[in-house]
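Single-letter residue listing:
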Amino acid sequence: MVEIAPPTEASLPIREVARRTGVHPVTLRAWERRYGLLTPARTSKGHRLYSEEEVRRIEEVLACLARGVAIGQVRELLARGPSSLSAKEREANTAGGWREMIDEALNLSQNFDERKLRQQLDHWISTLPASLLLDHWLKPLHTELARLRRSQATQGFFWQLVNEQLLLANGIARRNLNKDRLACESRVLLLDFPGEDQRAFVQLFCATLLAAGIGVVVLDYRAVLPGLTENMRKLDVHALLWYSHRALPKPLLEEELPRSFQELSKPLRLVGDFVELQSASLDNLKKIPIISVLSGTTDFVVTQLREQLKR
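Residues numbered from 1 in each chain as written. Predicted model: local features only at pLDDT ≥ 70, side-chain atom pairs only at ≥ 80, totals over all residues. Heavy atoms only, no water.

Trainee: What's the story with helix H7 (residues 114-127) in this structure? I'm lost.
Mentor: Quick reminder: α-helices carry 3.6 residues per turn. Residues three or four places apart thus point the same way. End to end, H7 covers 20 Å across 14 residues, agreeing with the expected 20 Å (1.5 Å per residue, within 8%). Those residues of H7 that sit buried are Leu117, Gln120, Leu121, Trp124, Ser126 and Thr127. (Helix = DSSP H or I, 4+ residues; strand = E, 2+ residues; numbered from the N terminus. Expected span 1.5 Å × (residues − 1). Buried < 20%, exposed > 50% of the residue type's maximum accessible area, 1.4 Å probe, protein only.)

Trainee: Teacher, can you tell me more about the packing of aromatic side chains here?
Mentor: Aromatic ring pairs are reported here in terms of the distance separating the ring centres and the angle at which the planes meet. Per the counting criterion, the structure on display carries eight aromatic pairs. On the numbers, 5.2 Å between centres and 75 degrees between planes, the contact of Phe112 with Phe157 is edge-to-face. Linking Phe112 in the loop between helix H6 (96-110) and H7 with Phe157 in helix H9 (residues 152-179), this pair joins segments that are 45 residues apart in sequence. One aromatic cluster is present, formed by Trp124, Trp137, Phe158 and Trp159 through successive ring pairs. (Phe/Tyr/Trp six-rings, centres within 6.5 Å; stacked < 30°, edge-to-face > 60°.)

Trainee: I keep staring at the sheet that holds strand E1 (residues 12-13) and nothing clicks. Help me out?
Mentor: Strand pairs in the sheet, formed through backbone hydrogen bonds, run parallel or antiparallel to each other. Spatial strand order, E1-E3-E2: three strands in an open sheet with antiparallel pairing. With one partner strand each, in any of the chains shown, E1 and strand E2 (41-42) form the two edges of the open sheet. Bridge count for E2 against strand E3 (residues 48-50) is two bridges, and the pairing is antiparallel. For Ala41, the partnering residue across the bridge sits in E3 and is Leu49. (Pairing = 2+ DSSP bridges.)

Trainee: Can you walk me through the sheet that holds strand E4 (residues 186-192) in this structure?
Mentor: Sheet architecture is open: five strands sit in the order E5-E4-E6-E7-E8, paired in parallel fashion. Single-partner strands in this sheet number two, and they are strand E5 (214-220) and strand E8 (291-294). Strand-to-strand twist in this sheet, taken as the mean axis angle between neighbours without regard to direction, amounts to 25 degrees. In terms of strand pairing, strand E6 (residues 239-243) meets strand E7 (residues 268-271) through four bridges, oriented parallel. From the neighbouring strand, Leu240 faces E7, where its bridge partner is Leu268. (Axes fitted to C-alpha atoms, helices over the stretch in contact; angles between N-to-C directions.)

Trainee: Explanation requested: the nonpolar core in the structure shown.
Mentor: Looking at soluble globular proteins, one finds that nonpolar side chains tend to be buried together. With 70 residues, the main nonpolar core has Leu28, Trp31, Trp137, Leu138, Phe158, Phe205 and Leu209 as its most contacted residues. The element best represented in this core is helix H10 (residues 196-211), accounting for nine residues. With sequence-adjacent residues up to four places away left out, Trp137 is seen in contact with Trp98, Met101, Ile102, Ala105, Leu121, Trp124, Leu132, Phe158 and Val162. One finds Met232, Leu270, Val275 and Leu282 within the second-largest nonpolar core, a separate group that totals 25 residues. (Core = buried A, V, L, I, M, F, W, Y, C linked by side-chain atoms within 4.5 Å. Contact = heavy atoms within 4.5 Å.)

Trainee: Whenever I open this one, the pairing of E7 confuses me. Can you help?
Mentor: Successive side chains on a regular strand alternate, one facing one side of the sheet and the next facing the other. Residues of E7 alternate between two faces, with Leu268 and Leu270 on one and Arg269 and Val271 on the opposite face, all of them buried. Running through helix H13 (residues 250-260), the crossover from E6 to the neighbouring parallel element E7 is right-handed. Where E7 lies against E8, four bridges are found, and the strand directions are parallel. Paired with Leu270 across the two strands is Val293, which belongs to E8. (Right-handed = clockwise from strand over helix to strand, strands pointing away.)

Trainee: Got a minute to help me understand the pairing of E4 in this structure?
Mentor: Of all seven residues in E4, six are buried; the element is thus mostly enclosed. For E4 and E5, the ladder comprises seven bridges, and the chain directions are parallel. Looking at E5, one finds that Leu191 is bridged to Leu219. As for the winding sense of the linkage, the β-α-β connection from E4 through H10 to E5 is right-handed.

The analysis is restricted to geometry; functional conclusions fall outside its scope.
What follows is the structure in structure tokens.
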């Protein structure tokens, strides 16, 4: 068994490490208990304290997971050192773990294996960062479902279970964040558009924001747009996020939504794949000073958003 040296000068509480790395405390604890990836120190009351060395290790774990290394193989890989891998091993590791997860989700959905799919979803959501799940699992899985023309029943089964598991996980994360006001940097309103698949993307993006210490209110856009400015004031949010992983209907994009933003005083951020899919249709909105587009990987988008919310 590989021994991991204990961290030195441990002074960072778990909420601060989660905020800096974007890895939810539940996931950090899972990495410690299940996989032996972290060894934080403990206070006299049992609270975890992390060192800068542990933070760097978390970043190394994230890099491995982004490459597709399965979480159960990360410890051995880090112990050996990435430079010790042969070219063949590096090729085998790249995206392999994500491909297996996609295939398993597809097979369990097609067989309507509710118990096993719920178990796997719970495992993936608790042990893998939401940002990586969104970019490397949910996006390609959504494409695969569409490409293979899976039955409507199969898709409905999958999206319902994913949404249920994400709502449960986000509810717990939101309560924990609300208990610790110091960890909650700011609050944003995240618009939810119709569609079970869209809702799953929104909830997983919400999970990413919560892990980064950003409070999130998720509401259906149809309920919020009438009286948007007053609704945002009552909700005490600092910015509005308009997120969609797919192209939006032209009347909604070019007429209904822009009308609602005319009197908006808080910042509006356009996020998701639609900003590239419909870039030309957004040209007029991009000219408005309070509106900006956040694009790139989910981690990069959250980093940009956090910097903007501090201003």
